[in-house]
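Remarks on the overall topology
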Amino acid sequence: MKSATQIAADVRSGTSSATAELERTLTVIEQRNAELNVFLYVDVEGARAAAAQIDARVARGEDVGPLAGVPIALKDNLCQVGVPTTCSSKILDGWRPPYNATVIERLLDAGAVAVGKTNLDEFAMGSSTENSAFGPTRNPLDPSRVPGGSSGGSAAAVAADMTAVSLGSDTGGSIRQPAALCGLVGVKPTYGLVSRYGLIAFASSLDQIGPFAKTVADAALVLEVLAGHDARDSTSLPEPAPRLVAHVNDGVAGRRIGLVRELFDGADESVVASVRAAADALRAAGAEVVEVSIPELALTLSAYYLIAPAEASSNLARFDGVRYGLRVSAEDVTAMMEATRTAGFGAEVKRRIMLGTYALSAGYYDAYYGQALKVRTLTIDAFARAYQRVDLLLGATTPSVAFALGAKTADPMTMYLNDVFTIPTNLAGDPALSVPFGTGEAGLPVGVQLLGPGRSEARLFAAARVLEIADGRP
Amino acid sequence: MTLPDGWEMVVGLEVHTELLTRSKLFCGCANHFGSEPNTNICPVCLGLPGSLPVLNREAVDFAMRIGMALHCTIAPSTFHRKNYFYPDQSKDYQISQYDLPINSGGYLDLPDASRVAIERAHMEEDTGKSTHLGGSGRLAGADSSLVDYNRCGVPLVEIVSGPDIRSSAQARLYAAELRGILIATGASDGRLEEGSMRFDANVSVRRPGAPFGTRCEIKNLNSLRSLQRAIDYEALRQIELIDGGGVVRQETRHWDENRGETSTLRVKEDADDYRYFRDPDLVDLAPDQAWQDRVRAALAPMPAARRAAVVALLAAPSEAQLDAVEVVIDLGLERYVHGVAAAGGDAALAVARVANELAADVDHVANLPVDAFVSTLAMEQRGELSATQAKTVLGEVLRHGGDPRAIAAARGFEQLSSDTLGATVATLIASNPDEWSRYRDGDDKLAQFFIGQVMKLTRGQANGKAVIAELQARR
Amino acid sequence: MSDALSRDDVAKVARLARLVLSEDELDLYTEQLGQILEHARDMNSLDLTDVLPTAHPFGVTNVVREDVVTPSLDREVVLAMAPHAVDHRFAVPRILGEAP
């Protein structure tokens, strides 16, 4: 499979065409989608028209942008004009947005070809893509296992060589965790680096959009296109996109990197081994690696599972059967809303809506939501202190390699514990990425996680690139 | 109205005013009353999934102007979500300011010299509008409802008074004074009939000195008259209830203007759990000193100061004159009075002309430059125009514009030049020596004789006052 | 922190969230939500009295846009999304109570 960097270079130089690249993508989707359930919708006509247009522009000698002719898969919680957008929920079945998410506009402006919408845990709530109203997605590396979640479809699209790159969203690890489980690079940017406009919100203070790719350079290429101020998002950083691609090969010489005990304690042996090997590889490349402990991180899972549901309970109120999406008829408007929401939402979404409603309700706010916000403060402060001593942090992305379908669906808490290493950075608003390093059980990939302070993406990519090379992907 | 002996009412008002921004509070849709249903809506105000709010700077400016006019402290503030399901609320939550409002701790001085505390004046978004089908067209008894989201997201400021009001008349005075202030700030058009200003009244009763009683909230009063009547009705209802051994229940009540009574809308319930929390889609608002100074500098004088400035031009004003001043201030037309006064003219006359002639055609005052008004009144004072003629000239300029002198001439109002009048008077004195000498000896009644004669000779073109002036000059 | 989550609490929360639960679901969610909240009690292991809450990791303030009117959506497009529209408006079954 060609990298996105290579596809764009080939399309721009005329060695290949957007149409040829798209047709290859459509062929692979045709071959594997029925088995893996990656795409909920493939916009064959729209993508072909877009590819033809790019080819025509190239023929006219125009610069069609850094992602010229690159087919890209989009998580189905991103709004695209006229394309069904479901969040893998029955409640939005059939809805076609009348507007584009900012990230989609930026991708299209950069010459990318939007191929279709990928499966996710309903409203991005889950860690296995099993909570989809449209059936689970399977891991292309072993279809008896989950691809991770919630952006499991976007991860599987790249892992199955359907597209070179894809977009996901990460609220508590929903990009990094599936990236780890599918052997990909997955990036959760600094909060505010990428506009959330057009991302159907799960938890607004935590959500960030980011890329999946097979290579660090591809991830940097896509993120550079996505990033930069957007006036339509009040929480968008007021600055232009950083230069990322140019820094991918900066290396780690002289960097101080903290190996965080709390970010791999309790993980499977093979995962711990990979993390330690990654530390050695960074050391070998000239970094100083020190072991650090950030005890506050132990509380972040609890805080997250109050903050995210609280925001979600409000964000998902609008799905009431009045203006768009599903309506289940009833005698009066309250009964109609209840019937619609009861029929339209799956069990995990209901669980989190109720959890969040409870956490915000009179008499419980201080004990739960209020307390969680204080833990958030501690988390932010703890990271800030750590970053006074080191440039980056290193840990595991997930406690284990990809697990079997159905293995963790019985008990919500078991599933939630999957996110224990990825959640802290969402609470802090800092960037982190997962990069494959080594293998674990059944030869499945292990992801190691690199974390940095706000706006340190270039540094993270450079460190990830060092690991990529050390892991045998020059 | 007075309450039965031994009772006192305690009233606090919550006033919602729509702001005169061009666009809505969090999106670029037009903030326009009376558009076709659902034409001013976009992903943001329709609450489409994925859309995000961005705050309108002008709405913040207006909110600060209101706060400054009400002597509030302007402080860093945040936006919260008030969560409740309702079909006219496109996101099923309302974005409003909660524990940290932009304005708090102010006051409003009323013309009767009382002071009402302003607890807060915060920003929030308006809801859509429902039309009810079947039944009587009201919510109760309707079969279904139709929702128009044009108003959804229109910026509001809610001004919450302290429980300082003690009579319905004072409540009305407060509402009227506040309306004047809102108009003066430019934040609101104050149009009650279009719902751009709406009143909620919290009413309770007590024995003077006793703790506050249980209050009822009367919702959506949309005229000063309704406000006053509803408060009176509600206070009496509560007194009768208590006197009859009953207990006031905290509830929201509806005012029926036709029946002249309030009735229960909804009782406060456990379900009123709005789960307020900070809206994570919006950031803190903390206008710095420079921003505040810029807003303050653009703030026009408030009605109280403007009223005082006009009254100061009048010597011992009568009740009727003070009422006329109120009209002038209410219409914001005191520039005409000040123009006349600055030119050395009669301010009382100017107040009267503005409160009557200009008020009658207020939509056309743009046709009447201040200097045209000043020169018309000067002509009247000099006797070149009679009162009736001056009013006619003003009316004409208001309707069509133009130069007052030219209009007077075209209408044949041009009165005798003082030379011609002087010559005419001289002729009459010469031909009526007896009458003249009696007049000179102090018989003022003879003035009427000379005026009549002058009028006869000039076919009514002379002005009586001018004739008297001419006679007195020769006396 | 408060006492264990009760079945009534869950029923009340479901009503607030406009969800209808069967008796079995009520039991299941009471147990599951109870477990999650029980886990959340670990936050009490630290004294957080003097810690200020952080609702948001984004430090920028005063984000405003200019008061400029931008095009609205085409009404027909918007109403085509509606489950039920009448007379250019969104139609809903009867509303039982006034807005708060």
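Rules used in this analysis
- Residues numbered from 1 in each chain as written.
- Chains lettered and ligands numbered in written order.
- Predicted model: local features only at pLDDT ≥ 70, side-chain atom pairs only at ≥ 80, totals over all residues.
- Heavy atoms only, no water.
- Helix = DSSP H or I, 4+ residues; strand = E, 2+ residues; numbered from the N terminus.
- Rg over C-alpha atoms; globule rule 2.2 N^0.38 Å.
- Buried < 20%, exposed > 50% of the residue type's maximum accessible area, 1.4 Å probe, protein only.
- Contact = heavy atoms within 4.5 Å.
- Areas by Shrake-Rupley, 256 points an atom, 1.4 Å probe, with all protein chains shown as cover.
- Lys, Arg positive; Asp, Glu negative; His and termini not counted.
- Charge placed at Lys NZ, Arg CZ, Asp CG, Glu CD.
- Pairing = 2+ DSSP bridges.
- Axes fitted to C-alpha atoms, helices over the stretch in contact; angles between N-to-C directions.
- Buried area = accessible area lost by both parts, 1.4 Å probe.
- Salt bridge = Lys/Arg side-chain N within 4 Å of Asp/Glu carboxyl O.
- Polar contact = N/O pair within 3.5 Å; in protein donor to acceptor, adjacent residues only side chain to side chain.
- Core = buried A, V, L, I, M, F, W, Y, C linked by side-chain atoms within 4.5 Å.
- Parallel < 35°, antiparallel > 145°, perpendicular 65-115°, else oblique.
- Left-handed = near helix turned anticlockwise from the far one by under 90°.
- Nonpolar A, V, L, I, M, F, W, Y, C, P; charged D, E, K, R; others polar.
- Domains from an automatic or database assignment.

If you tally the helices and strands in chain C, you get three helices and three strands. In chain C, the succession of helices and strands from N to C terminus is α-α-β-α-β-β. In terms of overall size, chain C is more extended than a compact globule, its C-alpha atoms giving a radius of gyration of 22 Å where 100 residues would be expected to give roughly 13 Å. By principal-axis analysis of the C-alpha atoms, chain C measures approximately 55 × 45 × 25 Å. Out of the 100 residues belonging to chain C, those deemed buried represent 42%. The contacts in chain C between residues at least 6 apart in sequence include a share of 33% that link residues at least 24 apart. As presented, chain C carries roughly 5,300 Å² of accessible surface, and 51% of it is formed by carbon and sulfur atoms. Chain C carries 9 positive and 18 negative side-chain charges, and their two centres are separated by 10 Å.

Of regular secondary structure, chain B possesses 15 helices and 15 strands. Referenced to the eigenvectors of the C-alpha coordinate spread, the extents of chain B come out at roughly 95 × 55 × 50 Å. For chain B, buried positions account for 54% of its 475 residues. Counting only contacts in chain B whose residues sit at least 6 apart along the sequence, the fraction spanning at least 24 positions is 68%. Carbon and sulfur atoms make up 50% of the accessible area of chain B, which amounts to about 19,700 Å² in all. Across chain B, the mean location of the 50 positive side-chain charges is 2 Å away from that of the 65 negative side-chain charges.

Quick look at the sheet that holds strand β10 (residues 432–439) of chain A now. Residues and elements named next belong to chain A. Ordered by their spatial adjacency, 11 strands build an open sheet running β1-β3-β2-β4-β6-β5-β10-β11-β9-β7-β8, and the pairing between neighbours is mixed. Only two strands of the sheet have a single neighbouring strand rather than two, namely β1 (39–42) and β8 (288–292). Ignoring strand direction, the axes of neighbouring strands in this sheet form an average angle of 30°. Contacts from helix α12 (residues 366–389) reach β7 (256–260), β8, β9 (392–396) and β11 (445–451), with the element oriented near 115° to β9.

The subject of this paragraph is the interface of chain A and chain C. Every contact between the two is made by 63 residues of chain A and, on the other side, 53 residues of chain C. Between chain A and chain C the total buried area reaches about 5,200 Å² when both faces are included, carbon and sulfur atoms providing 70% of it. Of all residues in chain A, M354, Y358 and K374 of chain A give up the largest surface area on contact with chain C, accounting jointly for 13% of the area buried on that side. Where chain A packs against chain C, one counts one salt bridge. The salt bridge partner of R94 of chain C is E331 of chain A, with a shortest N-O separation of 3.5 Å. Between chain A and chain C we count 15 residue pairs in polar contact (both at pLDDT 80 or more) in total.

Residue and element names in this part refer to chain A. For helix α4 (residues 102–109), every residue scored as buried is listed here: T102, V103, I104, R106 and L107. Those residues of α4 hidden inside the fold are in contact with β2 (71–75), β4 (165–170), β6 (208–213) and α7 (216–226). Looking one or two residues beyond α4, the residue adopting positive phi is G111, at roughly 95°.

Bringing the sheet that holds strand β3 (residues 89–93) of chain C into the picture now. An order of β8(B)-β9(B)-β3(C)-β2(C) is seen for the four strands of this open sheet, with the pairing classed as antiparallel. If you trace the sheet from one side to the other, it starts and ends with β8 (129–133) of chain B together with β2 (85–86) of chain C, each paired once. The sheet contact formed by β2 of chain C and β3 of chain C spans two bridges and is antiparallel. The partner of A85 of chain C across the bridge, within β3 of chain C, is F90 of chain C.

Moving on to the pairing of strand β7 (residues 115–125) of chain B. Residue and element names in this part refer to chain B. The buried fraction of β7 amounts to eight of the 11 residues, a majority that puts the element mostly inside the structure. Sheet topology places strand β6 (residues 103–109) next to β7; six bridges connect them, and they run antiparallel. Each bridged residue has a counterpart across the sheet, and for D109 the counterpart in β7 is R115. The hairpin formed by β6 and β7 contains five residues between the paired strands, and A113 there has a positive phi angle of roughly 75°.

Right, let's get into the nonpolar core. The biggest cluster of nonpolar side chains holds 159 residues, and the ones touching the most others in it are F123 of chain A together with L13, M123, I159 and Y174 of chain B. No other element matches the nine residues that helix α9 (residues 300–315) of chain A contributes to this core. With near-sequence residues (within four places) excluded, M123 of chain B lies in contact with L25, L55, A59, V60, A63, F79, S96, Q97, I102, L156 and L285 of chain B. Among the nonpolar cores identified, the runner-up in size contains 107 residues, and L107, L199 and L467 of chain A together with V63 of chain C belong to it.

Counting through the fold element by element, N83 of chain B comes out in strand β4 (residues 80–83). The exposure class of N83 of chain B is buried, given its relative accessible area of 4%. With 12 residues separating them along the chain, N83 of chain B and I95 of chain B place their C-alpha atoms 8.8 Å apart. Those residues within four positions of N83 of chain B in sequence are excluded, and the remaining contacts are S314 of chain A together with D92, Y93, D273, Y274, R275 and F277 of chain B. Looking at N83 of chain B, its side chain comes within polar contact range of the side chain of S314 of chain A, at 2.8 Å.

Residue and element names in this part refer to chain B. As a packed pair, helix α5 (residues 303–311) and helix α7 (residues 334–342) sit with axes 10 Å apart at the nearest point and diverge in direction by 30°. By the angle between their axes, α5 is roughly parallel relative to α7. Handedness of the crossing formed by α5 with α7: left-handed. Contacts between α5 and α7 pair R306, A309 and V310 from the former with E334, V337 and H338 from the latter. Residues of the contact of α5 with α7, tallied by class, amount to three nonpolar, one polar and two charged.

All names here are of chain B. Per the stated rule, a full pass over the model turns up 68 salt bridges over all chains. Two residues, E194 and R191, come together in a salt bridge whose shortest N-O distance is 3.8 Å. For E194, a relative accessible area of 26% translates into the label partly exposed. Residue R399 pairs with E396 through a salt bridge whose shortest N-O separation is 3.9 Å. Remark: E396 and R399 occur in helix α10 (residues 387–400); sequence separation between them is three residues, near one turn of the helix. Residue classification places E396 among the buried residues on the basis of a relative accessible area of 17%.

Turning our eyes to something else, we now look at the domain arrangement of chain B. The assigned domain composition of chain B is domain 1 (8–297), domain 2 (303–410) and domain 3 (418–474). Put simply, the middle of domain 1 of chain B and the middle of domain 3 of chain B, counted by C-alpha atoms, are 66 Å apart.

Before going further, it helps to examine the side chain of E457 of chain A. All names here are of chain A. By secondary structure assignment, the location of E457 is in helix α15 (residues 457–470). It turns out E457 is buried and unbridged, and the closest side chain with the opposite charge, K188, is 7.2 Å from it. Ignoring sequence-local partners within four residues, the contact set of E457 consists of P189, T190, L193, L223, L244 and P431.

A separate point is the side chain of R253 of chain B. All names here are of chain B. With respect to the element layout, R253 can be found in strand β13 (residues 251–256). Exposure remark for R253: the relative accessible area of 5% places this residue in the buried category. Engagement of the side chain of R253 in a polar contact is seen with the side chain of E251, the distance being 2.4 Å. Apart from residues no more than four positions distant in its own chain, R253 is found in contact with C216, E217, I218, K219, E234, R237, T262, S263, T264 and L265.

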